[in-house]
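# Commentary on secondary and tertiary structure
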Amino acid sequence: KGRGTVQDVYDQILADFTAAEKLLEGFSRAGEKNLIDRDVVRCFLAQTYLTMENWSKAAEYAHMVNEVYPLTSNDDYYSGFNNANTPSWIWCQYQNDEDNLGDYSPFAMWANWIAPRDGNSGWTFQCFFLADSFTALFEGSDIRKGQFFRAWDMIDCSTKFYDASDLRGEIV
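Residues numbered from 1 in each chain as written. Predicted model: local features only at pLDDT ≥ 70, side-chain atom pairs only at ≥ 80, totals over all residues. Heavy atoms only, no water.

Moving on: the environment of F134. Mapping F134 onto the fold places it in helix α5 (residues 132-135). Sequence spacing of F134 and D156 is 22 residues, and the spatial spacing of their C-alpha atoms is 9.4 Å. (Helix = DSSP H or I, 4+ residues; strand = E, 2+ residues; numbered from the N terminus.)

Another point: the packing of aromatic side chains. Summed over the entire model, instances satisfying the criterion amount to four aromatic pairs. Seen from their ring centres, F44 and W91 are 5.5 Å apart, and the 85° between their planes marks the pair as edge-to-face. One end of the pair, F44, is in helix α2 (residues 38-51); the other, W91, is in the loop between α4 (74-79) and β1 (111-114), and 47 residues separate them in sequence. Residue classification places F44 among the partly exposed residues on the basis of a relative accessible area of 23%. (Phe/Tyr/Trp six-rings, centres within 6.5 Å; stacked < 30°, edge-to-face > 60°. Buried < 20%, exposed > 50% of the residue type's maximum accessible area, 1.4 Å probe, protein only.)

A cluster of nonpolar side chains, contributed by F129, W152 and M154, occupies part of the molecular surface with about 370 Å² of accessible area. Tracing the chain through its elements places W152 in the loop between β4 (148-151) and β5 (155-158). (Patch = residues over 30% accessible without salt bridge, like charges linked within 9 Å, V, L, I, M, F, W, Y side chains within 5 Å. Areas by Shrake-Rupley, 256 points an atom, 1.4 Å probe, with all protein chains shown as cover. Salt bridge = Lys/Arg side-chain N within 4 Å of Asp/Glu carboxyl O.)

So, on to helix α3 (residues 55-66). Counting along an α-helix, one turn takes 3.6 residues, and residues three or four places apart therefore face a common direction. The first and last C-alpha atoms of α3 sit 16 Å apart over twelve residues, in line with the 16 Å expected at 1.5 Å per residue. As for α3, its buried residues are in contact with α1 (6-23) and α2. (Expected span 1.5 Å × (residues − 1). Contact = heavy atoms within 4.5 Å.)

For the rest of this paragraph, the subject is the side chain of T48. Examined against the element boundaries, T48 turns out to sit in helix α2. Within the structure, T48 has its side chain in polar contact with the backbone oxygen of F44 (distance 2.7 Å). Beyond its immediate sequence surroundings of up to four residues, T48 is in contact with Y10, I13, L14 and F17. (Polar contact = N/O pair within 3.5 Å; in protein donor to acceptor, adjacent residues only side chain to side chain.)

The next thing to look at is unusual backbone geometry. Residue A30 is not a glycine yet carries a positive backbone phi of 50°. Structurally, the position occupied by A30 is in the loop between α1 and α2. We classify A30 as exposed; its relative accessible area is 65%.

The terminal C-alpha atoms of α1, which comprises 18 residues, lie 26 Å apart, in line with the 26 Å expected from a rise of 1.5 Å per residue. Buried residues along α1 sit against α2 and α3.

Residue-level pLDDT values for the protein chain average 79, and 70% of them are 70 or greater. Note on residues 103-114: pLDDT under 50 across the span, and 34 contacts to partners over four residues away in sequence or across chains. Long-range and interchain partners of residues 121-126, a stretch whose pLDDT sits below 50, account for 31 contacts in this model, where long-range means more than four residues apart. (pLDDT = per-residue confidence, 0-100.)

At a minimum axis distance of 9 Å, the contact between α1 and α2 shows a crossing angle of 160°. Overall, the two elements α1 and α2 adopt an arrangement that is roughly antiparallel. Every pair of crossing elements has a handedness; the one defined by α1 and α2 is left-handed. Of the residues in α2, those in contact with Y10, I13, L14, F17, T18, A20 and E21 of α1 are R38, V41, R42, F44, L45, T48, Y49 and T51. (Axes fitted to C-alpha atoms, helices over the stretch in contact; angles between N-to-C directions. Parallel < 35°, antiparallel > 145°, perpendicular 65-115°, else oblique. Left-handed = near helix turned anticlockwise from the far one by under 90°.)

Moving on to the packing of α2 against α3. At their nearest, the axes of α2 and α3 sit 8 Å apart, and the two run at 155° to each other. By the angle between their directions, the pair α2 and α3 is classed as roughly antiparallel. For α2 against α3, the interelement crossing comes out left-handed. Contacts from D39, R42, C43, L45, A46, Y49 and L50 of α2 reach α3 at W55, K57, A58, Y61, A62, M64 and V65.

Across all of its chains, the model carries four salt bridges by this definition. In this structure, R42 and E21 form a salt bridge, with 2.8 Å as the shortest nitrogen-oxygen distance. Here E21 lies in helix α1 and R42 lies in helix α2, a separation of 21 residues in the sequence. With respect to burial, R42 and E21 carry one shared label: buried. The partner of K57 in a salt bridge is E60, and the shortest N-O contact between them spans 3.5 Å. Pair noted here: K57 and E60 are both in helix α3, with a separation of three residues, about one helical turn. Given the relative accessible area of 26%, K57 is considered partly exposed.

Below, the structure written as structure tokens:
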């Protein structure tokens, strides 16, 4: 059989997610956000439909999830995407002493610098480097702009995935 078309791939993705949505009906993960439940599958469906530019289906599934998980508050947004108890988090990977492998973690994105929020320094995962052309897209009043800062007078950084003082946090 020859290579499938893009539509073939989307058809399979939608078939798999739709089947998963039905199979997970009634399943309760009892607050364990690291498990996939029907809401997580609905997020995947919303994202798939968004990528397919099927705006009405993307909105339909996004609204289903948003009824259960509220939008992130400004305070939670600034806290740094490091706490699985944030009400808007739908799915995550918990971190504990056994899981947090520092530089050896597959999620390591570290930089050695002084953290602008608490003054602690260390090898940490708490910044992303951003292109000037990207940060210029945000107006000063945009809440997201509050997470950008200029480091070493030459590069824009983001503290969106800010680590707590002990350099620990869940992964969204």
